[in-house]
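Secondary and tertiary structure notes
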Amino acid sequence: MTSVDRRRLEHLVERERAAFRLAHPRSAELFSEARHLFGGVPMTWMSKWAGGYPLYLDSAHGCQVVDVDGLSYVDFALGDTGAMAGHSPGPTVDAVVERIGRLGGITTMLPTADAEWVGAELERRFGLPLWSFALSATDANRWAVRLARLVTGRPKILVFSYCYHGSVDETFVVLDHDGVARSRPGNVAPPVDPLLTTRVAEFNDLAGVEAELAHGDVAAVLCEPALTNIGIVLPAPGFMEGLRAATRRHGSLLMLDETHTFSAGPGGCTMAWGLSPDIVTIGKAIGGGVASGAYGLSSGVAALVGGHESADLVDVGGVGGTLAGNALSVAAMRATLGEVLTAGAFTHMDDLAVRFVTGVEEVMARHGAPWSVTRLGARAEYRFTQPAPTTGSESAAAEDETLDEYLHLALCNRGVLITPFHNMALMCPTTTVRDVDRHTAAFDAALSDLFS
Ligand SMILES: Cc1ncc(COP(=O)(O)O)c(C=O)c1O
């Protein structure tokens, strides 16, 4: 194994930054002119892109992105999953154009027939019979957490250290180096100390989960079936089954956030691994890039919600949003689920992700890089440690911002985009073998310079 020479790494980062600046004058110009945007960008996380400023988008189709300097890229970031169906997939575009153009009506407070179709399709994929819509995964999580507290009469949720479920106040708790629960570093002005609302355990630690659930105050475990926001951390054999049994034993609900783990197949990990959650939440990809989200309830949970007559679910009770389930959003979900993110598409995306991982492993082995790569269906991610981490905290300890910056810039300068957060690559239905091999070649070139 070869360790990273930090001085060489610093030098390479400088080299790649210079190449980035040289190639992107128009993006630099637009960025310098953005004086009315907080942080200089439309959304603060856009400043996370390596290079000092983000590329400005000209156009995007499938997995190809073209920037305002006229350079094109193979896009493996795919909107951090929001574009897992590919950019502007044809059937979604057609449905959106039909809805907003010929039919008319984007948001009207009235249902369309598409909503029932989408609910039935989500049941077919995720097994839960009753669905409600949101415009983001964050909101789906927020509203479902409220329902979980309502039906159990318990105040807390349990999450896994280094999880991410959107900007949901209750989820920003981690275990520190001594295994003590604390507000996640950087948590922006939480409304209350999140330890009042949240319990936390390490992913893959059933004993830790049991100990937290034993307090009897946990309404729901909110988790991804595999962590995807601190690299990919897969569940150990039996962990998800153990988690399900523990939640049942302690009277807590199991709430699976499939927003990213949807990459595992047409029904996410729930279908792929035969899981039986009480609640599923999802967002991002299901609308093909149009703002969408949803949460599904078991009939038992739905019946319990219905029993709380004083809970105001139709007006100002804290669940729902005016634009949620609007005609445009559900039309996009129907087309995306019905015609784009099909079982056949997932087979293709899986095959490509396998090829991606094989290429990365081969390159890492050849250069002696002491790293690992993990795959979840159509999604893959490399991490600067070996073997692959089994908990969020272990994975967090492997973070290396300078290495991230180097690889992101080296790939970008060779026509490949991966997520600005860590090192995730996602396949879409139109990604090709050639696209994957382009990443492998760029990754190889980056590692050659780093380890030579
Ligand atoms: C697992 C998971 N859930 C929810 C969200 C929130 O999605 P959004 O920001 O689109 O609301 C994210 C965002 O990255 C996520 O990774």
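Starting from 1, residues in each chain are numbered consecutively following that chain's sequence as written. Local features are withheld for residues below a pLDDT of 70 in this predicted model, meaning they are given only at 70 or higher, and side-chain atom pairs are given and counted only at 80 or more; totals for whole chains, interfaces and linings count all residues. Think of the side-chain values as coming from all heavy atoms in the structure, minus any hydrogens and water.

**Some thoughts on the overall build of the protein chain**
The cut-off we apply is this: Helix and strand assignments come from DSSP, with helices taken as H or I runs of at least 4 residues and strands as E runs of at least 2, each series counted from the N terminus. Our radius of gyration looks at C-alpha atoms and nothing else; its globule reference is 2.2 Å times the residue count to the power 0.38. Relative accessible area decides the class of each residue, using a 1.4 Å probe on protein chains only: under 20% of the type maximum gives buried, over 50% gives exposed, and in between gives partly exposed. In what follows, residue pairs with any heavy atoms lying within 4.5 Å of each other are defined as contacts.
Regarding its fold elements, the protein chain presents 14 helices and 16 strands. For the protein chain, the C-alpha radius of gyration of 22 Å lies close to 22 Å, the compact-globule estimate for 452 residues. Each of the three principal axes of the protein chain carries a C-alpha extent, and together these read 65 × 60 × 45 Å. When burial is assessed residue by residue, the protein chain has 53% of its 452 residues classed as buried. The long-range share in the protein chain, meaning contacts at least 24 apart out of those at least 6 apart in sequence, stands at 74%.

**Details of the sheet that holds strand E15 (residues 416-417)**
The following threshold applies: Think of it this way: DSSP has to see at least two bridges between two strands before they count as a pair.
Strand order in this open sheet of four strands is E1-E2-E3-E15, and the pairing throughout is mixed. Here the strands that pair on one side only, and so sit at the sheet edges, are strand E1 (57-61) and E15. Pairing analysis gives four bridges linking E1 to strand E2 (residues 64-67), with the strands arranged antiparallel. Pairing of Leu57 across the sheet is with Asp67, part of E2.

**Digging into the site of the ligand**
Just so we agree on the cut-off: Any residue with a non-hydrogen atom lying within 4 Å of a molecule or strand is treated as near it. Polar contact is the term for a pair of N or O atoms within 3.5 Å; when the atoms are in protein, one must be able to donate a hydrogen and the other to accept it, and sequence-neighboring residues count only if both atoms are side-chain atoms. Throughout, the Shrake-Rupley method with a 1.4 Å probe supplies accessible areas, and for residues the shown protein chains are the sole cover considered. Classes in brief: Ala, Val, Leu, Ile, Met, Phe, Trp, Tyr, Cys and Pro nonpolar; Asp, Glu, Lys and Arg charged; the others, Gly included, polar.
Taken together, 14 residues lie near the ligand, and Thr138, Asn229, Asp257, His260 and Lys284 sit nearest. The side chain of Thr138 places a nitrogen or oxygen atom 2.6 Å from an oxygen atom of the ligand. One of the side-chain nitrogen or oxygen atoms of Asp257 is found 2.6 Å away from a nitrogen atom of the ligand. Relative to its unbound accessible area of 400 Å², the ligand is 84% covered by the protein chains. Among the elements that make up the shell around the ligand, the one with the highest residue count is helix H5 (residues 137-152) (three residues). For the shell around the ligand, the residue count by class is two nonpolar, eight polar and four charged.

**Thoughts on the packing of H5 against helix H9 (residues 299-306)**
Filter applied, for reference: Axes here refer to lines fitted to C-alpha atoms; in helices the fit is confined to the stretch in contact. Angles between the N-to-C directions go from 0 to 180 degrees. In what follows, roughly perpendicular refers to angles from 65 to 115 degrees, roughly parallel to angles under 35, roughly antiparallel to angles over 145, and oblique to any angle outside these ranges.
Here H5 crosses H9 at 70 degrees, and the two axes come no closer than 9 Å. Accordingly, the angle class assigned to the pair H5 and H9 is roughly perpendicular. In this structure, H5 contributes Leu147, Leu150 and Val151 to the contact, and H9 contributes Val301, Leu304 and Val305. Its residues assigned to classes, the contact of H5 with H9 comprises six nonpolar, no polar and no charged.

**Here's the deal with the environment of Leu376**
Residue position: Leu376 is located in strand E13 (residues 372-376). Judged by relative accessible area, which is 3%, Leu376 ranks as buried. Each C-alpha atom of the pair Leu376 and Pro225 lies 10 Å from the other, and the pair is 151 residues apart in sequence. With near-sequence residues (within four places) excluded, Leu376 lies in contact with Ala226, Thr228, Ile232, Leu234, Thr261, Ser263, Ala264, Cys269 and Trp273.

**Describing the pairing of strand E10 (residues 253-257)**
Basically, it comes down to this: Seen with the strands pointing away from the viewer, any crossover whose path from the first strand over the helix to the second strand runs clockwise is right-handed.
A large share of E10 lies buried, amounting to five of its five residues. Residues of E10 alternate between two faces, with Leu253, Met255 and Asp257 on one and Leu254 and Leu256 on the opposite face, all of them buried. In this sheet, E10 lies alongside strand E9 (residues 218-223) in parallel orientation, the contact comprising four bridges. Residue pairing in the sheet places Leu222 in a bridge with Met255 of E10. In the classification by handedness, the crossover that spans E9, the intervening helix H7 (residues 239-249) and the parallel E10 is right-handed.

**Observations concerning the sheet that holds E10**
The strand order E4-E12-E11-E10-E9-E5-E8 describes an open sheet built from seven strands, whose pairing is mixed. Where the open sheet ends on each side, the last strands, each with one partner, are strand E4 (130-134) and strand E8 (198-201). Strand-to-strand twist in this sheet, taken as the mean axis angle between neighbours without regard to direction, amounts to 20 degrees. Relative to strand E11 (residues 279-283), E10 is paired through three bridges, and the arrangement is parallel. In the strand pairing of E11, Asp257 is matched with Thr281. Against the sheet, H7 engages strand E5 (156-160), E9 and E10, with an angle of about 140 degrees to E10.

**Description of the domain arrangement of the protein chain**
Spelled out, the test is: Segment limits for the domains were obtained from an automatic or database-derived domain assignment. Here the quantity called buried area is the accessible surface, traced with a 1.4 Å probe, that two parts lose on coming together, added over both. One side-chain nitrogen of Lys or Arg within 4 Å of one carboxyl oxygen of Asp or Glu is enough to make a salt bridge.
Looking at the assigned domains, one finds that the protein chain contains domain 1 (6-84 + 343-451) and domain 2 (90-340). Distance from the C-alpha centre of domain 1 to the C-alpha centre of domain 2: 27 Å. Taken together, the contacts link 28 residues of domain 1 with 31 residues of domain 2. Summed over both partners, the interface of domain 1 with domain 2 buries about 2,100 Å², with 64% contributed by carbon and sulfur atoms. The largest per-residue losses of area from domain 1 upon contact with domain 2 belong to Phe346, Leu376 and Arg379, which jointly make up 26% of the total buried on that side. Between the two partners, domain 1 and domain 2, sit one salt bridge.

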